[in-house]
Structures are given as structure tokens and as C-alpha cells.
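Fold and geometry: a report
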Amino acid sequence: MKKIIIFFLVFQNIFSQDNLPNFSVKLLNNQSSNLVSLTNEISLISFWATWCLPCIKEIDKINTFVKDYDNLSVILINTDKAGEIAKVKRFVKTKRFPLDNNYHIIMDYNQKLSRSFNAQPIPLTLITKNNRIIYRKRGFNVGDEIEIKNIIEQEIIE
């Protein structure tokens, strides 16, 4: 039994990040950046794909309130395959995602970020404060956006 507990603790530490790694990333517009440079004091990060209905529901709900916070960055990490960038671009344009200096879409072609955060299954949603993960939620149900919004508001006030 002790071996199982030790294995679980080691496995959990290896596959879950507490801080954002400063990986080099590709944005939807094919520009290169690094993950940390896209963040603000408070950041909402979500791993998603165009085929993932819970991901789309989550993004739709989140997009109703993220513009209310000037100092919040939103980083959507897309896990679609590399050959599907045109599909992702059409999807983002159709859904009218509010891309700007605080709202970014990263293409995780090589699944480096997904593996780093053990992000399967998606959606995986993170909230960071000063690049330290303070909230982690896998999956999405309608109503979860209320909890996400409350955490963001609480952290912005502090």
C-alpha cells in the first residue's frame, strides 16, 4: 500500500505544474511568443479543441464576462492537429472570439503544453496569479463559469 501511495504522489508531482513554464509558443496568427509574456497578473488558461463540445460551451460562457476585466489575460490553448489551422481560424472567426492584447490563442501542435499540464481529457481550465496556478478544473458543466468568475473577481480584489 505504501508503494502505491508513494507512486501516486510522485506521479502527481511529475505531471502537474504549479507554475507556468516559459515555453516558446505559436499563436494562431503564426507569430512566436513565450507563454509567460502573454499573461497578466491574473490569467485564465483553457486547453480546448474545435471538436470538443464542453470546451466550446465553456469558452462561450467565459467570453460573456472576460471583457469586464482589463487586467485579465485569456489564453486558449488549442489542441487540434497541426493540419487543421485553417479550420481553427474559421472557427475562431465564426465564433467572434475577442482577440486582442489580452486574449490569445496558442496552437499546441506538438502537444508540448498538453503533456506538461497533463491536459487530457479537455477542457482543462487554469487560473493563474503571477504565473502560479491557483485554480485547476477538468471538464465543464454549465454553471462552472460562475465559480470561475468568482475566483477571478476574488483574486483581482486582493
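Calculation rules
- Residues numbered from 1 in each chain as written.
- Predicted model: local features only at pLDDT ≥ 70, side-chain atom pairs only at ≥ 80, totals over all residues.
- Heavy atoms only, no water.
- Helix = DSSP H or I, 4+ residues; strand = E, 2+ residues; numbered from the N terminus.
- Buried < 20%, exposed > 50% of the residue type's maximum accessible area, 1.4 Å probe, protein only.
- Contact = heavy atoms within 4.5 Å.
- Core = buried A, V, L, I, M, F, W, Y, C linked by side-chain atoms within 4.5 Å.
- Arc of directions from axis to C-beta.
- Phe/Tyr/Trp six-rings, centres within 6.5 Å; stacked < 30°, edge-to-face > 60°.
- pLDDT = per-residue confidence, 0-100.
- Pairing = 2+ DSSP bridges.
- Axes fitted to C-alpha atoms, helices over the stretch in contact; angles between N-to-C directions.

1. With respect to the overall build of the protein
Assigned secondary structure in the protein consists of 5 helices and 7 strands. For the protein, the succession of helices and strands along the chain, N to C, is α-β-β-β-α-β-α-β-α-β-β-α. Classification of the 158 residues of the protein by burial places 46% in the buried group. Here the contacts in the protein between residues at least 6 apart in sequence split such that 69% fall between residues at least 24 apart.

2. Some remarks on the nonpolar core
By size, the foremost hydrophobic cluster in this structure holds 46 residues, and its most contacted members are Phe 47, Trp 48, Phe 97, Ile 106, Leu 113 and Phe 117. Look past the residues within four positions of Ile 106 in its chain and what remains in contact with it is Val 25, Lys 26, Leu 27, Leu 35, Leu 38, Ile 75, Leu 76, Ile 77, Asn 78 and Leu 113.

3. Topic: helix 2 (residues 53-63)
Within helix 2, the full set of buried residues consists of Cys 55, Ile 56, Glu 58, Ile 59, Ile 62 and Asn 63. Along helix 2, the residues classed as buried sweep out an arc of 160° about the axis, all on the same side. Against the buried residues of helix 2 lie strand 3 (42-48), strand 4 (72-78), helix 3 (85-95), strand 5 (103-107), strand 6 (124-129) and helix 5 (144-157).

4. Thoughts on the packing of aromatic side chains
Following the criterion strictly, the structure yields 6 aromatic pairs and no others. Relative to Phe 97, the ring of Phe 91 has its centre 6.1 Å away and its plane inclined at 90°; by these criteria the two rings are edge-to-face. For Phe 91, a relative accessible area of 18% puts it in the buried group.

5. Some details on the confidence of the model for the protein
Per-residue confidence for the protein averages 89 on the pLDDT scale, and 89% of its residues sit at or above 70. Low confidence marks residues 4-15, where pLDDT is under 50. Its contacts with residues over four positions away, or in another chain, come to 4 contacts.

6. With respect to unusual backbone geometry
The peptide bond linking Gln 120 to Pro 121 adopts the cis configuration, its omega dihedral lying at 0°. By the element assignment, Pro 121 lies in the loop between helix 4 (112-116) and strand 6. Its identity is not glycine, yet Asn 131 carries a phi of approximately 65°, on the positive side. Residue position: Asn 131 is located in the loop between strand 6 and strand 7 (132-138).

7. Things to note about the sheet that holds strand 4
Taken together, 7 strands build an open sheet; the order of strands is 2-1-5-4-3-6-7 and the sheet is mixed. For this open sheet the edge positions go to strand 2 (32-34) and strand 7, each flanked by a neighbour on one side alone. The average angle at which neighbouring strand axes cross in this sheet is 30°, direction not considered. Looking at chain direction, strand 4 and strand 5 are connected through 5 bridges and run parallel. Looking at the pairing, Ile 75 lines up with His 104 of strand 5. Lying on the sheet, helix 2 is in contact with strand 3, strand 4, strand 5 and strand 6; it crosses strand 3 at an angle near 155°.

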